[in-house]
Amino acid sequence: MPLNAIIFGRFHLTRRFPVNHLGSTKSNERLQNTYEYPSVPLCSANDVQLRFLCPDDLEEVRTLCQDWFPIDYPLSWYVDITSSTRFFALAAIYNFSIIGLIVAEIKSYSKLNKEDRGIIPESMGRDAEIGYILSLGVHRKYRQNGIGSLLLDSLINHLTTAERHKVKAIFLHVLTTNRTAILFYERRGFVLHSFLPYYYSIRGKCKDGFTYVSYINGGHSPWSL
């Protein structure tokens, strides 16, 4: 249950580990003060390279996430996303440094948490898979340059290939107060699926969340919705 970071980044959940997105700030106050860090325009989108994370990225990724997100992830999480093939963990590189990243995984319908199973019809879900965005973050200096969209497009392209035809939706969790991330995903065609009261526990305080979904490969919401 990541938070979404554009803040993109994930926050911690009482039951699960992740939070989402575009690079989150460490607090709502920091979110409101984003403009203290003016964006640095890139010379060209061609100056940005994409590559998958590797074990050598661990410390750099850990430093970025500690800056972006209001949660201290355990070392094991960084080891997993920089070395395990279970994750789609893609970095945006500029001037030899990571300026953005997206982490996602593919889940089978049967392994979804109860609150997420209503994303697709049960009849479709028996054989279906779902893409789950754990984190999406962009360095504050380089926001407003299309980096978040570049990373998200890469994930969508990966999940809409012929071999991924069983993936029927992409979803994420986000704090209800994370307006920057919410607007980003809505502009990208994600729709609000559900309200999750007290879904997050951040620094001892309960926070509400939303589930946002985008349907792909012929997937659709349950007709009852």
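Residues numbered from 1 in each chain as written. Predicted model: local features only at pLDDT ≥ 70, side-chain atom pairs only at ≥ 80, totals over all residues. Heavy atoms only, no water.

As recorded in an unreviewed UniProt entry, the protein goes by the name N-alpha-acetyltransferase 60, listed as coming from Anopheles maculatus.

Most of strand β6 (residues 129-138) is tucked away, with nine of its ten residues classed as buried. Summarising the sheet, strand β5 (residues 97-108) and β6 pair through nine bridges and their orientation is antiparallel. Note on β6: the bridge partner recorded for L101 is G137. Inspection of the sheet shows β6 paired to strand β7 (residues 167-175) by four bridges, in the parallel sense. Opposite I130, over in β7, you have A169 as the bridge partner. For the crossover that starts at β6, traverses helix α5 (residues 147-159) and ends in the parallel β7, the hand is right-handed. (Buried < 20%, exposed > 50% of the residue type's maximum accessible area, 1.4 Å probe, protein only. Helix = DSSP H or I, 4+ residues; strand = E, 2+ residues; numbered from the N terminus. Pairing = 2+ DSSP bridges. Right-handed = clockwise from strand over helix to strand, strands pointing away.)

Within this structure, the stated rule accounts for eleven aromatic pairs. Taken together, the ring pairs connect Y73, W77 and Y78 into an aromatic cluster. (Phe/Tyr/Trp six-rings, centres within 6.5 Å; stacked < 30°, edge-to-face > 60°.)

With that out of the way, let us pick up the confidence of the model for the protein. Confidence along the protein averages 83 in pLDDT terms, with 78% of residues attaining 70 or more. Predicted confidence is poor over residues 5-17, with pLDDT under 50, and the contacts of this stretch with residues over four places away or in other chains come to 107 contacts. Confidence drops under a pLDDT of 50 for residues 24-37, and excluding neighbours within four residues, the segment shows 32 contacts in the predicted structure. (pLDDT = per-residue confidence, 0-100. Contact = heavy atoms within 4.5 Å.)

We now examine the environment of F190. Counting through the fold element by element, F190 comes out in the loop between α6 (179-187) and β8 (191-202). Judged by its relative accessible area of 3%, F190 falls in the buried class. With 21 residues separating them in the primary sequence, F190 and T211 have C-alpha atoms 9.7 Å apart. Excluding its chain neighbours within four sequence positions, the residues that come into contact with F190 are I133, L152, I170, L172, Y185, Y212, V213 and S214.

Among the residues of helix α3 (residues 75-83), W77, Y78, I81 and T82 are the ones counted as buried. Down the axis, α3 shows its buried residues gathered within 120 degrees of arc, on one side only. Tucked inside the fold, the buried residues of α3 contact α2 (58-68), β4 (87-94), β5 and β6. (Arc of directions from axis to C-beta.)

For any two helices packed against each other, one specifies the crossing angle of their axes together with the interaxial distance. Contact geometry for α2 and α3: axes closest at 10 Å, N-to-C directions at 120 degrees. By the angle between their directions, the pair α2 and α3 is classed as oblique. Crossing of α2 over α3 shows right-handed handedness. Together, L58, V61, R62, C65 and Q66 of α2 and L75, W77, Y78, V79, I81 and T82 of α3 make up the contact between the two elements. Classifying every residue of the contact of α2 with α3 gives eight nonpolar, two polar and one charged. (Axes fitted to C-alpha atoms, helices over the stretch in contact; angles between N-to-C directions. Parallel < 35°, antiparallel > 145°, perpendicular 65-115°, else oblique. Left-handed = near helix turned anticlockwise from the far one by under 90°. Nonpolar A, V, L, I, M, F, W, Y, C, P; charged D, E, K, R; others polar.)

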